[in-house]
Amino acid sequence: MGEILNSIPLPLVFSIFFLFFFSLSSTHVLSAENELPKTFIFRVNSYSKPSIFPTHYHWYTAEFTEQTHILHVYDTVFHGFSAVLTRQQAASVGNHPSILAVFEDRRRQLHTTRSPQFLGLRNQRGLWSESDYGSDVIVGVFDTGIWPERRSFSDVNLGPIPRRWKGICESGEKFSPRNCNKKLIGARFFSKGHEAGSGFSGPLNPINETVEFRSPRDADGHGTHTASTAAGRYAFQANMSGYASGIAKGVAPKARLAVYKVCWKNSGCFDSDILAAFDAAVNDGVDVISISIGGGDGIASPYYLDPIAIGSYGAVSRGVFVSSSAGNDGPSGMSVTNLAPWLTTVGAGTIDRDFPAQITLGDGRKFSGVSLYSGAALQGKMYQLVYPGKSGILGDSLCMENSLDPKQITGKIVVCDRGSSPRVAKGLVVKKAGGVGMILANGISNGEGLVGDAHLLPACAIGSNEGDIIKAYISSSANPTATIDFKGTILGIKPAPVLASFSARGPNGLNPQLLKPDLIAPGVNILAAWSDAVGPTGLDSDTRRTEFNILSGTSMAAPHVSGAAALLKSAHPDWSPAAVRSAMMTTASVLDNRNLPMLDEATGNNSTPYDFGSGHLNLGNAMDPGLIYDITNTDYVNFLCAIGYEPKVIQVITRVPENCPAKKPLPENLNYPSFVAMFPVASRKLASKMFIRTVTNVGAVNSVYHVSVESQIKGVTVTVKPSRLVFSEAVKKRSYVVTVTADTRNLKLDPSGAVFGSLSWTDGKHVVRSPIVVTQIEPL
């Protein structure tokens, strides 16, 4: 599919995806396959409950299915239930007039410290000081649980738990209410969807209790890492086996944590459990939800079939900010996930810290890579160098399990290609075969993007170009040799940030009128707390235990934004989730620490708003953004009307019956802090797109803002009316109209299928910046 799509013009791809999504949605559930029972989620019109039933649960079990089949009942962000049924039974329930939608439970995947300073946070001043480090804001983390004993979760010198908190600390294996404190104020776990698998009589997919804890305790490490990234306390003398030494801290060190374990080691996370966590978290009283989870299939479901979109709407509509990871399927275009306009979707960039390692070949050439190896070094000794991929067998080149012959490998450094298996697992294969070291070479899809790993043998990751050079050296030399030298931790790296090659990219495959991701945040080589149940590689055979670990992924970027939202909510308790997101987006930076445009690690070229959205999170400016773009629940409903959803479909998302305006709204008029102007490919003349936006003044009462447009786009003109916005005590909101006019005959799009500019409002102190995207699309 990927190769076919690469050969289709981008505008046509949009059309194919639209048709595919909506044909998919109608056949998503009830194709009569086999009769094995599965978990289905039922969206119920709660207003149609007969008064004879005291609760919705009584109604569901009397009218729809037996008690023993029901897993979760949802009543806050979503009205309905999940149950284990055959397809035929699900179809029968789905025909009931009170059932608005039925969808099959799906498995999601996790989107697998110096970063606060890199974001512009400083002690005793600015946002940390103004927000009291996020004190009394409650951050809910949906992940693999938590290792509560870590120093990052200490409650020393924290005040009492906020009175509005209604959550619990759930008991389970190796976890009790005593594991919670004034920092970790709540912990729950959700396993019914996971365990239901496909059976009526008890769990057919039981929790593997040899590697897991049936409790909020984290057996994987990912949840402990994301929770401490968002809101970890100061932990002095932190490091991972000597790397990244210093003080570890989260973005909002005084924020409270509530942990919702929805993902299970080696098993992913099920929609029905995620939805139950949204329900619980909003009831419990969280202010921010951090969710580093997304579809693992590369296809974005329509919002009404996506429980993350539905659950987060229920949260956002009640004032809870939701930060989600964009996904790790970059650098492919249209790979971004978690696309709903009420979500804040976060991609990943590098920070100014690196862990270099150097490869020296027998002919004296040197190549730079990265590594977190901390064992015995090679001491400059040269070893024979081999590339198993010379055989032409893919499994050999990828160093897959049982692919390497010890006779060819023993005592040598082995070149392995990246892909198909975990990077650290390849090193284990080499080690088992007797190898003394590994060079891990990127393929062309990863380009020059590197992430550090805590390898079990001396190993170094290198980019695709260096990999090709080293393989050519092995082919052409009679006796190829090499050694690897580990350089430790280097600070002040330039350029930074650089867009991570794995960070998922736009355009938005569901609604290209909406730019996603929204922004990027640190997501490469991030130090944070780690579980004691597993070694830093996560491999079963890794017996090492570390208090901290260094990970990369948009999973690490999203909790930076969750922590940032906690700080902003603490400093501005009256701001809506959209206002918080707007403050981050309009103050984001598009320049690196050389004051040059941010680069894309995958290509070495300048990155674009399809890659970074509005830019890189810059908390030095977000606390005082000047103007914000606010969005109400009605605005989101109008957007859903604009993209063609019928009122009954909209009710699946919003829980309440909705009516669309008589005059159909335009999706591009959602009050979003970015602009996407799409023009039909067939047009052979000047074409225009108009956008209406409303800004709210949150700066000095009497302010005057002037507009400036940055656009070097040939054949495109951008006009803004009025060009000046005047605010006073009486006038806090002003609207303006942007008109983008394109000479579609002479529009030259870049390789991503678009061209880019920006619009900024400034009063001399604040710069309120929004990206502009101009693209062409085949009309449906």
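Residues numbered from 1 in each chain as written. Predicted model: local features only at pLDDT ≥ 70, side-chain atom pairs only at ≥ 80, totals over all residues. Heavy atoms only, no water.

A. Representation of the overall build of the chain within the structure. Along its length, the chain carries 20 helices and 37 strands. Scored against the burial criterion, the 780 residues of the chain give a buried share of 62%. As presented, the chain carries roughly 28,700 Å² of accessible surface, and 52% of it is formed by carbon and sulfur atoms. (Helix = DSSP H or I, 4+ residues; strand = E, 2+ residues; numbered from the N terminus. Buried < 20%, exposed > 50% of the residue type's maximum accessible area, 1.4 Å probe, protein only. Areas by Shrake-Rupley, 256 points an atom, 1.4 Å probe, with all protein chains shown as cover.)

B. Representation of the nonpolar core in the model. Ranked by size, the top nonpolar core spans 65 residues in total, and within it Phe142, Tyr260, Tyr303 and Trp342 carry the most contacts. Among the elements that line this core, the one with the most residues is helix α9 (residues 271–284), at 8 residues. Leave out the neighbours within four places in its chain, and Phe142 touches Tyr260, Val262, Ile274, Ala277, Phe278, Ala281, Ile289, Ser290, Ile291, Ser292 and Ile293. One finds Cys180, Val251, Val288 and Val580 within the second-largest nonpolar core, a separate group that totals 46 residues. (Core = buried A, V, L, I, M, F, W, Y, C linked by side-chain atoms within 4.5 Å. Contact = heavy atoms within 4.5 Å.)

C. Focus on the pattern of salt bridges. Enumeration over the complete set of coordinates arrives at 28 salt bridges. The salt bridge partner of Asp743 is Arg745, with a shortest N-O separation of 3.4 Å. Asp743 gets classed as buried once you look at its relative accessible area, which sits at 14%. A network of salt bridges, in which partner residues are shared, links Arg106, Arg108, Asp271 and Asp306. (Salt bridge = Lys/Arg side-chain N within 4 Å of Asp/Glu carboxyl O.)

D. Inspection of the environment of Arg233 at higher detail. Tracing the chain through its elements places Arg233 in the loop between α8 (222–231) and β8 (235–240). Under the relative-accessibility criterion, Arg233 is labelled buried at 13%. Taking the C-alpha atoms as reference points, Arg233 and Gly250, separated by 17 residues in sequence, lie 6.3 Å from one another. Once residues within four sequence positions are removed from consideration, Arg233 is found in contact with Arg151, Ser152, Ser154, Asp155, Val156, Leu158, Lys183, Ala248, Lys249 and Pro253. Among the polar contacts made by the side chain of Arg233, one reaches the main-chain carbonyl oxygen of Val156 at a distance of 3.0 Å. Of note is the side chain of Arg233, whose polar atom sits 3.4 Å from the backbone oxygen of Pro253. (Polar contact = N/O pair within 3.5 Å; in protein donor to acceptor, adjacent residues only side chain to side chain.)

E. Inspection of the sheet that holds strand β33 (residues 716–721) at higher detail. Strand order in the open sheet made by the 4 strands is β29-β31-β35-β33, with antiparallel pairing throughout. Sheet topology places β29 (627–628) and β33 at the edges, where each strand pairs with a single neighbour. Pairing of β33 with strand β35 (residues 733–743), which is carried by 6 bridges, proceeds in the antiparallel orientation. Following the sheet pairing, Lys721 is matched in β35 by Val737. (Pairing = 2+ DSSP bridges.)

F. Representation of the state of the cysteines in the model. Using the criterion set out here, one finds 4 disulfides in the structure. One disulfide in the model links Cys169 with Cys180; its S-S distance is 1.9 Å. Its S-S torsion of approximately 75 degrees makes the covalent link between Cys169 and Cys180 right-handed. In this pair, Cys169 is assigned in the loop between β6 (138–143) and β7 (184–189) and Cys180 in the loop between β6 and β7, connecting sequence segments 11 residues apart. (Disulfide = S-S within 2.5 Å.)

G. Quick peek at the sheet that holds strand β5 (residues 107–110). What the 4 strands build is an open sheet, ordered β11-β12-β5-β14; its pairing is antiparallel. Each having just a single partner strand, β11 (263–264) and β14 (293–294) make up the two edges of the open sheet.

H. Layout of the environment of Arg353. Structurally, Arg353 is set in strand β17 (residues 353–354). The buried category is assigned to Arg353, whose relative accessible area is 5%. Put simply, Arg353 and Val524 are 171 residues apart on the chain and 9.4 Å apart in space, counted from C-alpha to C-alpha. In this structure the side chain of Arg353 is engaged in a polar contact, spanning 3.0 Å, whose partner is the backbone oxygen of Asn525.

I. Representation of the packing of α9 against helix α10 (residues 307–316) within the structure. Here α9 crosses α10 at 5 degrees, and the two axes come no closer than 9 Å. Between α9 and α10, the angle falls in the class roughly parallel. Each of Asp271, Ile274, Leu275, Phe278 and Val282 in α9 lies in contact with α10, whose residues at this interface are Pro307, Ile308, Gly311, Ser312 and Ala315. (Axes fitted to C-alpha atoms, helices over the stretch in contact; angles between N-to-C directions. Parallel < 35°, antiparallel > 145°, perpendicular 65-115°, else oblique.)

J. Fine view of the side chain of Thr739. Relative to the helices and strands, Thr739 is located in strand β35. By relative accessible area, which is 18% here, Thr739 ends up buried.

K. Looking closely at unusual backbone geometry. Omega for the bond connecting Ala496 with Pro497 falls within 30 degrees of zero, at -5 degrees, which places this linkage in the cis form. Inspection of the secondary structure assignment puts Pro497 in the loop between β25 (490–491) and β26 (519–522). Residue Pro722 follows Lys721 across a cis peptide bond; omega there is -10 degrees. Look at Asn157: it is not a glycine, yet its phi comes out positive at around 65 degrees.

L. Spatial organisation of α8. Most of α8 is tucked away, with 10 of its 10 residues classed as buried. The set of residues buried in α8 consists of His222, Gly223, Thr224, His225, Thr226, Ala227, Ser228, Thr229, Ala230 and Ala231. Buried-residue contacts for α8 involve β5, β6, β10 (256–261), β27 (526–529), β28 (548–551) and α15 (554–571).

M. Focus on the packing of aromatic side chains. Following the criterion strictly, the structure yields 25 aromatic pairs and no others. Ring centres of Tyr705 and Phe727 lie 6.0 Å apart, and the angle between their planes is 85 degrees; on these two criteria the pair is classed as edge-to-face. Taken together, the residues Tyr705 in strand β32 (residues 703–710) and Phe727 in strand β34 (residues 724–727) connect sequence positions 22 residues apart. Pairwise contacts between aromatic rings join Phe40, Phe42, Trp59, Tyr60, Phe64 and Phe81 into one cluster. Lying over the aromatic face of Phe78, Arg43 brings its terminal NZ or CZ to 5.4 Å of the ring centre. In this structure, Arg217 is placed above the aromatic ring of Trp147, and the distance from its NZ or CZ to the ring centre is 4.4 Å. (Phe/Tyr/Trp six-rings, centres within 6.5 Å; stacked < 30°, edge-to-face > 60°. Lys NZ or Arg CZ within 6 Å of the ring centre and 35° of its normal.)

N. Summary view of the packing of α8 against α15. It is the contact of α8 with α15, at a shortest axis distance of 7 Å, that shows an interaxial angle of 35 degrees. Crossing hand, α8 versus α15: right-handed. Facing α8, whose interface residues are His222, His225, Thr226, Thr229 and Ala230, α15 presents Ser555, Met556, Pro559, His560, Ser562 and Gly563. Of the residues belonging to the contact of α8 with α15, the class tally is 3 nonpolar, 8 polar and no charged. (Left-handed = near helix turned anticlockwise from the far one by under 90°. Nonpolar A, V, L, I, M, F, W, Y, C, P; charged D, E, K, R; others polar.)

O. A look at the environment of Thr481. Within the secondary structure, Thr481 is located in strand β24 (residues 481–486). When the C-alpha positions of Thr481 and Lys381 are compared, they lie 9.7 Å apart, and in sequence the two are 100 residues distant. Setting aside chain neighbours within four positions, we find Thr481 in contact with Thr360, Leu361, Gly362, Met382, Tyr383, Gln384, Leu385 and Tyr473.

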